[in-house]
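Residue-level listing of the chains:
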Amino acid sequence: MSSGKEAISEVQSAPPTPPPPPVSAPPSRVHSPAAPGGRSSPLRAMASPLASPVRKAVATVRGCLEEVGHITRLADPRDAWLPITESRSGNAYYAAFHNLSSGVGFQALVLPAAFAPLGWTWAIICLTLAFAWQLYTLWLLVRLHEPVAGGVRYSRYMHLATTIFGERWAKILALLPVMYLSAGICTALIIVGGGSMKMLFGIACGEACLARPLTVVEWYLVFVCAAVLLSQLPNLNSIAGVSLVGAAAAVAYCTMIWVASVAKGRVPGVSYDPVKAPSDVDAALGVVNGLGIIAFAFRGHNVVLEIQGTMPSTLKHPSHVPMWKGVKVAYAIVALCFYPLAIGGFWAYGNQIPPNGILSALYKFHSSDVSRLVLGITTLLVIINCLTTFQIYAMPVYDNMEAGYVHRKNRPCPRWLRAGFRAFFGAVNFLIAVALPFLSELAGLLGGIALPVTLAYPCFMWVAIKRPRKGTATWNVNWALGILGMSISLVLIVGNLWGLVEKGLRVKFFKPADSQ
């Protein structure tokens, strides 16, 4: 007993163990879980990613893959099931194809009509200023797609607008212009594409053709069926080849039209003086309509974020680098299409240019002295471009339709439902094209409605996200351009509505043949 007590007393009287010297842990271990008392449990330590060789290897491999760009982190994993963000394998070439196909289209054919009320000098100045302005706001959107490296990616225009303006104001300010630029342009493409099919049939068949020609409504239906069939390609990356074909077709028919017009020379009685209006009000309305046509020509900003969303993005290789390369190439070609078409078309036809643009002028003045082969190829290229452009502008609508199902069911949209959504969208646009065949004549008004999406909102978004210091050049330029863009949009809308009230819009609903 005495020996036991002596042992106990020796243990109790032993000096306390000195505390271990402090050890500086790496930042990754500072917040690692530890067991009570300062010592981590062996099981917990084995479960730690840093202590587990398997997990460490997986984390290393995943980090390496993210560095080279094979894995892109999504804010919502369900985005991998939607058409826009389903594939992240895009590159600068795909960006150039998509931007060129969406940037050049039937709206370019109306540009010479904007020169008639504005005249040579002011039309060229306005066209140049609008081109530079929209190119700047395009650069803003490309950089706002991923404002913080490795952070949230805004792969949809409405997502960015909702983040900046809030859900309520985003619906008020941005939803209508964005929806028009998607669904409204698709409807206009049906009108232009279906009407071009009708003209192509007449050119190919000739006057002695015994076949019964289809009505305009039936040609609209043929165009919609072809567009819906082509829309079964699953996502935005899968239509890169389609966009390449459409871009090549657009560049080809723009070049053929202005070359043929210039080669035939000026039409008799051509004049370049601004059209004399009976009153100052009518003259002002003509100027407003011309500005609206120029504004409507520069579309495509509502799909820029979506196009960039198809690209991988890492810290070393951010998506804005290849995207901007593709944009620069695309819009250099856009300029080479717009300026010769507008200047050459107005030089050839002057103020006799029809309201529907240079293609109508080519048929009106040169249908007899231009080869049927040239007319047929030009019309075929217009049809091809309309079919391919339809796919790009419809993709955000497809994405929005499928998002409702995916977020509600928490699973990918089945193929049969995806096909049904796209067929339904085509049917709705067909119905609108038949009911409102005069939609393409409202280019000035619609250009004013869509102008903030292109010229104003990106400036406000840049100030809200980047927060430049008040009073700096960046702050002043973006606020000035944003306010000026909203003011011009308001003037265009009010002016075109006033013109419709003054002159009246002679239309007949469900009578598309009358508009051809």
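Above this text is the structure in question.
The structure displayed is predicted, hence computed values, not measured ones.

What counts, and where the lines are drawn
- Residues numbered from 1 in each chain as written.
- Predicted model: local features only at pLDDT ≥ 70, side-chain atom pairs only at ≥ 80, totals over all residues.
- Heavy atoms only, no water.
- Helix = DSSP H or I, 4+ residues; strand = E, 2+ residues; numbered from the N terminus.
- Buried < 20%, exposed > 50% of the residue type's maximum accessible area, 1.4 Å probe, protein only.
- Contact = heavy atoms within 4.5 Å.
- Areas by Shrake-Rupley, 256 points an atom, 1.4 Å probe, with all protein chains shown as cover.
- Phe/Tyr/Trp six-rings, centres within 6.5 Å; stacked < 30°, edge-to-face > 60°.
- Patch = residues over 30% accessible without salt bridge, like charges linked within 9 Å, V, L, I, M, F, W, Y side chains within 5 Å.
- Salt bridge = Lys/Arg side-chain N within 4 Å of Asp/Glu carboxyl O.
- Axes fitted to C-alpha atoms, helices over the stretch in contact; angles between N-to-C directions.
- Parallel < 35°, antiparallel > 145°, perpendicular 65-115°, else oblique.
- Left-handed = near helix turned anticlockwise from the far one by under 90°.
- Nonpolar A, V, L, I, M, F, W, Y, C, P; charged D, E, K, R; others polar.
- Core = buried A, V, L, I, M, F, W, Y, C linked by side-chain atoms within 4.5 Å.

Turning to the overall build of the protein, a few remarks are in order. What the protein contains, in helices and strands, is 17 helices and zero strands. The proportion of buried residues among the 516 residues of the protein is 46%. Counting contacts in the protein only where the partners sit at least 6 residues apart, residues at least 24 apart contribute 82% of the total. As displayed, the protein has an accessible area near 25,500 Å², and 67% of this comes from carbon and sulfur atoms.

Let's shift gears to the packing of aromatic side chains. One pass over the full model with this rule turns up 16 aromatic pairs. Ring centres of Phe390 and Phe425 lie 6.1 Å apart, and the angle between their planes is 50°; this geometry places the pair in the tilted category. Residue Phe390 is found in helix H14 (residues 372-409), and its partner Phe425 is found in helix H15 (residues 415-435); the two are separated by 35 residues along the sequence. Each member of the pair, Phe390 together with Phe425, is buried. An aromatic cluster is built from Phe115, Trp120, Tyr272 and Phe346, whose rings are joined through pairwise contacts.

With that out of the way, let us pick up a nonpolar patch on the surface. A cluster of nonpolar side chains, Trp122, Ile125 and Leu129, forms an exposed patch at the surface whose accessible area comes to about 350 Å². For Trp122, the position within the fold is in helix H6 (residues 111-144). By relative accessible area, Trp122 is classed as exposed at 57%.

Below, the discussion takes up unusual backbone geometry. In the Ramachandran plot, Asn410 falls in the positive-phi region, its phi being about 60° despite a non-glycine side chain. By secondary structure assignment, the location of Asn410 is in the loop between H14 and H15. For Arg467, which is not glycine, the phi dihedral falls at a positive 50°. Along the chain, Arg467 falls in the loop between helix H16 (443-466) and helix H17 (473-503).

So, on to the packing of H14 against H15. In helix packing, the relevant descriptors are the interaxial angle and the interaxial distance, both defined with respect to the helix axes. Contact geometry of H14 with H15 gives a least axis separation of 10 Å together with a crossing angle of 125°. Our classification of the angle between H14 and H15 gives oblique. Relative to H15, the crossing made by H14 is right-handed. Judged by residue contacts, Phe390, Ala394, Met395, Val397, Tyr398, Met401, Glu402 and Tyr405 of H14 engage Leu417, Arg418, Phe421, Arg422, Phe424 and Phe425 from H15. Class assignment of the residues belonging to the contact of H14 with H15 gives a composition of eleven nonpolar, no polar and three charged.

Ile294, Phe338, Phe390 and Met461 are the most contacted members of the largest nonpolar core, which has 125 residues in total. Here the element with the most residues in this core is helix H7 (residues 157-205); it accounts for 18 residues.

Turning next to the side chain of Ser155. Summarising the element assignment, Ser155 is placed in the loop between H6 and H7. Take Ser155: its relative accessible area is 3%, and that puts it in the buried class. With residues up to four places along the chain from it excluded, the contact list for Ser155 reads Ile84, Thr85, Arg88, His145, Leu305, Glu306 and Gly309.

We now examine the pattern of salt bridges. Inspection of the entire model under this criterion finds five salt bridges. Here Arg418 makes a salt bridge to Glu86, at a shortest N to O gap of 3.6 Å. Here the residue Arg418 occupies a position in helix H15, and Glu86 occupies one in the loop between helix H4 (53-68) and helix H5 (92-103), the gap between them amounting to 332 residues. Of the residues examined, Arg418 reaches a relative accessible area of 11% and is grouped as buried. One salt bridge connects Glu167 with Lys171, and the closest N-O pair in it is separated by 3.7 Å. One end of the pair is Glu167 and the other is Lys171, both in helix H7 and four residues apart, which spans about a single turn. On the basis of relative accessible area, Lys171 is assigned to the partly exposed category, the value being 49%. One connected set of salt bridges, linked through shared partners, spans Glu86, Glu402, Arg418 and Arg422.

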